[in-house]
Amino acid sequence: MQIVKTIAEVRRLVSTVRQEGKRIGFVPTMGALHNGHVSLMKTARKQCDYVVVSIFVNPTQFGPSEDFEKYPRNLDSDAITCRKTGVDLVFAPSVKDMYPRENWTWVEVENLTKSLCGAHRPGHFRGVTTVCTKLFNIVDSDMAFFGQKDAQQAIVIRRMMADLHLPLEIVICPTVRESDGLAVSSRNQYLKPTERKDASLLYHALTICEDLARKGENRVKVLIAAMQQVLGRSVAIEPEYIQIVDLDTLEPLETIDRPALVALAARLGTTRLIDNIILDLNVSSGDV
Ligand code: PAF
């Protein structure tokens, strides 16, 4: 496995591999790699001949009062994880490499970025879509792999690819969970032990919603009230939003009459966590 820091170097290596006719898979990350990332890398490994992982904590997707400075960074242990998982190339650029001058060009997906996390993190998705466009241009892969845990991000990226006619195939992989259901996330490590215990209620709320819906309850107000009740069992949990939206447009639903995204965000102390399930009453699983 090679670790490179410059754009020129990653371009050179990838173009050599491309000339050999290999299928290139790309997993963009901000590091602090966990089992969720490992599962993306393993899926990329199965579907591609050459796997590139980027590790870059992207400043433009953090708001001024967010955790950019304290976001966990450990390239050495991330490199070990990548090596063990069979990654071929790690691209770990600096902020100066990715943003060599004041950035005047932004990629912004409208409408889909206004609700859910977008309503609470202004500018976040503009930062994500801009850095992903840069990374896709640099890495030049055939496929890129994202996690369902960041459902809105995945939907926004897919729309960006379609609107801009970008040729890359986007693969969305299922959320990886701890044994109590908590979605794995780089931010889980911020949780104090009692917060960590209560954090499992987030997924519990989503499963209650799914159970009720599968038993025939399709009124969104009733389902949201049931989820609020579950989260209310912990005083440590401050919900930011709990919403049920159309899976394609992310517009709020009143009844579940089509495939829906059930999404929530909550704060536990200073840590903000998100989770979601897809509710398609015509199929049996909640996580696709
Ligand atoms: O999901 C993430 O880790 C980031 O948003 C991404 C896609 C790597 C862009 O910085």
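Preceding this section is the structure that the text describes.
Residues numbered from 1 in each chain as written. Predicted model: local features only at pLDDT ≥ 70, side-chain atom pairs only at ≥ 80, totals over all residues. Heavy atoms only, no water.

## Some details on the site of the ligand
Working step 1: Close contacts around the ligand come from Pro28, Thr29, Met30, Asn58, Gln61, Val128, Val131, Cys132, Phe146 and Gln153, and that covers them all.
Working step 2: The side chain of glutamine 61 places a nitrogen or oxygen atom 2.6 Å from an oxygen atom of the ligand.
Working step 3: One nitrogen or oxygen atom from the side chain of glutamine 153 is found 2.7 Å from an oxygen atom belonging to the ligand.
Working step 4: Protein contacts shield 90% of the accessible area of the ligand, which totals 290 Å² for the unbound molecule.
Working step 5: Listing elements by their share of the shell around the ligand, those giving two or more residues are β2 (24-29) and α6 (124-139).
Working step 6: The residue makeup of the shell around the ligand, split by class, is 6 nonpolar, 4 polar and no charged. (Near = heavy atom within 4 Å. Polar contact = N/O pair within 3.5 Å; in protein donor to acceptor, adjacent residues only side chain to side chain. Areas by Shrake-Rupley, 256 points an atom, 1.4 Å probe, with all protein chains shown as cover. Helix = DSSP H or I, 4+ residues; strand = E, 2+ residues; numbered from the N terminus. Nonpolar A, V, L, I, M, F, W, Y, C, P; charged D, E, K, R; others polar.)

## Digging into unusual backbone geometry
Working step 1: You will see that asparagine 111, though not glycine, has its phi angle at about 60 degrees, which is positive.
Working step 2: Relative to the assigned elements, asparagine 111 resides in the loop between α4 (95-98) and α5 (117-120).
Working step 3: Its identity as a non-glycine residue notwithstanding, leucine 250 has a phi of 65 degrees, on the positive side.
Working step 4: Looking at the secondary structure, you find leucine 250 in the loop between β7 (237-246) and β8 (260-268).

## Observations regarding the pattern of salt bridges
Side-chain pairing between opposite charges can occur once the charged atoms of the two side chains come close.
Working step 1: The tally for this structure, following the rule as stated, stands at 18 salt bridges.
Working step 2: Between arginine 196 and aspartate 180 there is a salt bridge whose closest N-O contact spans 2.8 Å. Here the residue arginine 196 occupies a position in helix α8 (residues 193-198), and aspartate 180 occupies one in the loop between β6 (169-173) and α8, the gap between them amounting to 16 residues.
Working step 3: By relative accessible area, arginine 196 is classed as partly exposed at 24%.
Working step 4: Residue classification places aspartate 180 among the partly exposed residues on the basis of a relative accessible area of 33%.
Working step 5: Glutamate 240 is the salt-bridge partner of arginine 267, the closest N and O atoms lying 3.7 Å from each other. (Salt bridge = Lys/Arg side-chain N within 4 Å of Asp/Glu carboxyl O. Buried < 20%, exposed > 50% of the residue type's maximum accessible area, 1.4 Å probe, protein only.)

## Let's talk about the layout of surface pockets
It is the rolling of a water-molecule-sized probe over the atoms that shows where space remains empty.
Working step 1: One number sums up the size of the second largest pocket: a volume of about 430 Å³.
Working step 2: For the second largest pocket, the lining is made up of 22 residues, of which Leu112, Ile155, Arg158, Arg159 and Asp248 are closest to its centre.
Working step 3: In terms of residue count, helix α7 (residues 151-163) provides more of the lining of the second largest pocket than any other element does, 7 residues in total. (1 Å grid on protein atoms, 1.4 Å probe; cavity = no way out; pocket = protein on both sides within 12 Å on 5 of 7 lines; lining within 4 Å. Points joined across faces, edges and corners; volume = space filled by probe spheres on them.)

## Thoughts on empty space enclosed by the protein
Working step 1: Counted by the stated rule, this structure contains 1 cavity of 30 Å³ or more.
Working step 2: Within this model, the largest cavity holds a volume of roughly 50 Å³.
Working step 3: The wall of the largest cavity is formed by Lys149, Gly181, Leu182, Ala183, Ser185, Asn188, Ala199, Leu202, Tyr203, Leu273, Ile274 and Asp275.
Working step 4: At the level of elements, α9 (200-214) and β9 (271-279) are the ones that each hand at least two residues to the lining of the largest cavity.

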